[in-house]
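Coordinates in review
Chain by chain, the residues:
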Amino acid sequence: MKTIVFNGSPRRDGDTVRLISAFTDALGGEVTRVDSYYRGISPCIDCRYCKTHASCSIRDGFDEVIENLDAADNVVIASPVHFSELSGSLLGLMSRFQLLYTAKLRGEVLIRSKPRSGVILLAAGGDGSPERAAKTARILLRQLGAEPVGEVICNDTDRLPAKDNSAVLDETRRLAERIRLPITSHT
């Protein structure tokens, strides 16, 4: 089983990474983590190159991300919630998947159509609302060819960090256990 995790946190050992670790440790298999703050992948510049080409004009390692997505059985979008949305860095990275959409318009397929499970892991502090971030993540999962099958939202991380929130960590591990089952059994 192969999993690709899109991590939108700049903190290498923060709440979002704690959720990712709990999930991937319980899931097992091969995991590729794409850290939006450290991978060096630029956002889409709307140059329209991908309207006529099966690649992006920016050469920064995004092709490898597409290859990992193509091979993935599971797609995880994990992010802190900033102003009720996914982190800006993660949104910038995800904008590059415009390439998949323009390929469809040309009748081309850049990633294989196969059952993929989609998971959302969010860490939210303060009094913000994570619902908009979760909605955006669900849209992105579908665009990446993954069926959203579960979400874990760790609220109030400024009061109770994820590492100390045993209920949320247990929920995250249970979600990983569910993902191990064939995709047809997710209900």
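Located above this text is the structure these notes cover.
Quick caveat: nothing in here was measured; it's all calculated off a predicted structure.

Comments concerning the side chain of S87
Summarising the element assignment, S87 is placed in the loop between β3 (74-80) and α3 (88-95). By relative accessible area, S87 is classed as buried at 0%. Those residues in contact with S87, other than ones at most four positions away along the chain, are G8, Y37, S79, P80 and H82.

Details of the pattern of salt bridges
For the structure shown, the criterion picks out 14 salt bridges. Among the salt bridges present, the one from R39 reaches E64, with a minimum N-O distance of 3.4 Å. With R39 in the loop between β2 (30-35) and α2 (62-71) and E64 in helix α2, this residue pair connects regions lying 25 residues apart in the sequence. Taking relative accessible area as the criterion, E64 reaches 44% and is therefore assigned partly exposed. Here D46 makes a salt bridge to R48, at a shortest N to O gap of 2.8 Å. Exposure remark for D46: the relative accessible area of 48% places this residue in the partly exposed category.

Remarks on the sheet that holds β3
Across the sheet, which stays open at both edges, the five strands sit in the order β2-β1-β3-β4-β5 with parallel pairing between neighbours. One side of each edge strand has no neighbouring strand; the edge strands of this open sheet are β2 and β5 (147-154). Neighbouring strand axes in the sheet, compared pairwise and without regard to direction, differ in orientation by 15 degrees on average. Where β3 meets strand β4 (residues 117-123), seven bridges bridge the pair, whose relative direction is parallel. Bridge pairing in β4 places I77 opposite I120. Across the sheet, helix α6 (residues 166-179) touches β3, β4 and β5, and the angle it forms with β5 is around 170 degrees.

A few points about helix α1 (residues 15-27)
Taking 1.5 Å per residue, 13 residues should reach 18 Å; α1 reaches 18 Å between its end C-alpha atoms and fits that length. Among the 13 residues of α1, ten are classified as buried, and the element is accordingly described as predominantly covered. The complete set of buried residues in α1 reads D15, T16, V17, L19, I20, A22, F23, T24, A26 and L27. With its phi angle positive at about 80 degrees, G28 sits one or two positions after the end of α1.

Cut-offs used in this document
- Residues numbered from 1 in each chain as written.
- Predicted model: local features only at pLDDT ≥ 70, side-chain atom pairs only at ≥ 80, totals over all residues.
- Heavy atoms only, no water.
- Helix = DSSP H or I, 4+ residues; strand = E, 2+ residues; numbered from the N terminus.
- Buried < 20%, exposed > 50% of the residue type's maximum accessible area, 1.4 Å probe, protein only.
- Contact = heavy atoms within 4.5 Å.
- Salt bridge = Lys/Arg side-chain N within 4 Å of Asp/Glu carboxyl O.
- Pairing = 2+ DSSP bridges.
- Axes fitted to C-alpha atoms, helices over the stretch in contact; angles between N-to-C directions.
- Expected span 1.5 Å × (residues − 1).

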